[in-house]
Amino acid sequence: MMKERVIDFFKDEMPVGDALFGICDDEDEAAKTPAYVDADAKHKEEWTAVVTNRSGKIISFIAVDNKIEIRRENGQMENRCDAMLHNDEYIIFIELKDQNKDWIKHAVEDQLATTINVFKQWHDISLFKHKLAYACNKRHRRFAFSNKEDMQRFRNQHGVRLNIGCDIMIK
């Protein structure tokens, strides 16, 4: 019998002490580079997610897609969100997009929900007071997403508050 591989989401985390930073993904399908942090405000236009950390605490960044291997039973790579942030109070799952239309369903149902479910299999999400998920799209920074029912359903299913937008605030 094949031994099941443990999935440790925290193994390659990187502490970020900046009060303002961006999370970027170069969207390079061929190179498959993971998401990364950019704390140089000169590049703010290129940041997909803009993180404001007002907590005064260091937050840890975790690249997920193209970094943490999550496979389906058939061996194929599973959908994953791009990144995560966490400290002792917050766990934040982040999907980064650069698309004009038809992006929310895939970002939310496939990438964020799948990552949250796999995370829960290996880690205790109840340890975090604030559980958030962000679907961020570079082309729709302030998305007029009024579908409260979908957001409530997501929260009921996963116990995580869903946000559609690029501004992540840590208090």
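Worth saying up front: this structure is predicted, and the values here are computed from it rather than measured.

As a further point, take the pattern of salt bridges. On inspection of all chains with the given rule, the structure shows eleven salt bridges. Note that Glu-89 and Lys-57 form a salt bridge whose closest N and O atoms lie 3.5 Å from each other. Here Glu-89, found in the loop between strand 6 (83–86) and strand 7 (90–97), pairs with Lys-57, found in the loop between strand 4 (49–53) and strand 5 (59–63); they are 32 residues apart in sequence, far enough to count as distant. Given a relative accessible area of 26%, Glu-89 falls into the partly exposed group. Here the salt bridges share partners, and the residues they tie into one network are Lys-57, Asp-88 and Glu-89.

To continue, consider the packing of aromatic side chains. This structure, assessed with the given rule, holds three aromatic pairs. Aromatic pair Phe-9 and Phe-119: ring centres 5.2 Å apart, planes at 70 degrees, arrangement edge-to-face. Of this pair, Phe-9 sits in the segment before strand 1 (14–16) while Phe-119 sits in helix 1 (residues 104–122), and the two are 110 residues apart along the sequence. The residues Phe-9 and Phe-119 share a single accessibility class, namely buried. Their ring planes at 80 degrees and their centres at 5.8 Å tell us that Phe-10 and Phe-119 sit as a pair that is edge-to-face. Of this pair, Phe-10 sits in the segment before strand 1 while Phe-119 sits in helix 1, and the two are 109 residues apart along the sequence. Under the relative-accessibility criterion, Phe-119 is labelled buried at 0%. What links up through ring pairs into an aromatic cluster is the set Phe-9, Phe-10, Phe-93 and Phe-119.

Okay, the pairing of strand 4 next. Within strand 4, four of the five residues are buried, which leaves it mostly tucked inside the rest of the structure. Relative to strand 10 (residues 167–170), strand 4 runs parallel, the two being bridged by four bridges. Residue Thr-52 lies in a different strand from strand 10, and its bridge partner there is Met-169.

Before going further, it helps to spend a moment on the sheet that holds strand 9 (residues 161–164). With mixed pairing, the six strands of this open sheet are ordered in space as 1-5-6-7-8-9. If you trace the sheet from one side to the other, it starts and ends with strand 1 and strand 9, each paired once. In this sheet, adjacent strand axes meet at a mean angle of 25 degrees when their direction is disregarded. Sheet topology places strand 1 next to strand 5; three bridges connect them, and they run antiparallel.

The subject of this paragraph is the environment of Tyr-90. When you line up the elements, Tyr-90 lands in strand 7. Along the primary structure Tyr-90 and Arg-153 are separated by 63 residues, whereas in three dimensions their C-alpha atoms are 21 Å apart. What Tyr-90 contacts, discounting residues up to four positions off in sequence, is Leu-85, Phe-128, His-130, Leu-132, Met-169, Ile-170 and Lys-171.

Moving on, we come to the packing of helix 1 against helix 2 (residues 148–158). Axis separation between helix 1 and helix 2 bottoms out at 11 Å; the angle between their running directions is 20 degrees. With respect to each other, helix 1 and helix 2 are oriented roughly parallel. Remark: the crossing between helix 1 and helix 2 carries right-handed chirality. Facing Val-108, Leu-112, Ala-113, Ile-116, Asn-117 and Lys-120 of helix 1, the residues of helix 2 in contact are Phe-154, Gln-157 and His-158.

Criteria and thresholds
Residues numbered from 1 in each chain as written. Predicted model: local features only at pLDDT ≥ 70, side-chain atom pairs only at ≥ 80, totals over all residues. Heavy atoms only, no water. Salt bridge = Lys/Arg side-chain N within 4 Å of Asp/Glu carboxyl O. Helix = DSSP H or I, 4+ residues; strand = E, 2+ residues; numbered from the N terminus. Buried < 20%, exposed > 50% of the residue type's maximum accessible area, 1.4 Å probe, protein only. Phe/Tyr/Trp six-rings, centres within 6.5 Å; stacked < 30°, edge-to-face > 60°. Pairing = 2+ DSSP bridges. Axes fitted to C-alpha atoms, helices over the stretch in contact; angles between N-to-C directions. Contact = heavy atoms within 4.5 Å. Parallel < 35°, antiparallel > 145°, perpendicular 65-115°, else oblique. Left-handed = near helix turned anticlockwise from the far one by under 90°.

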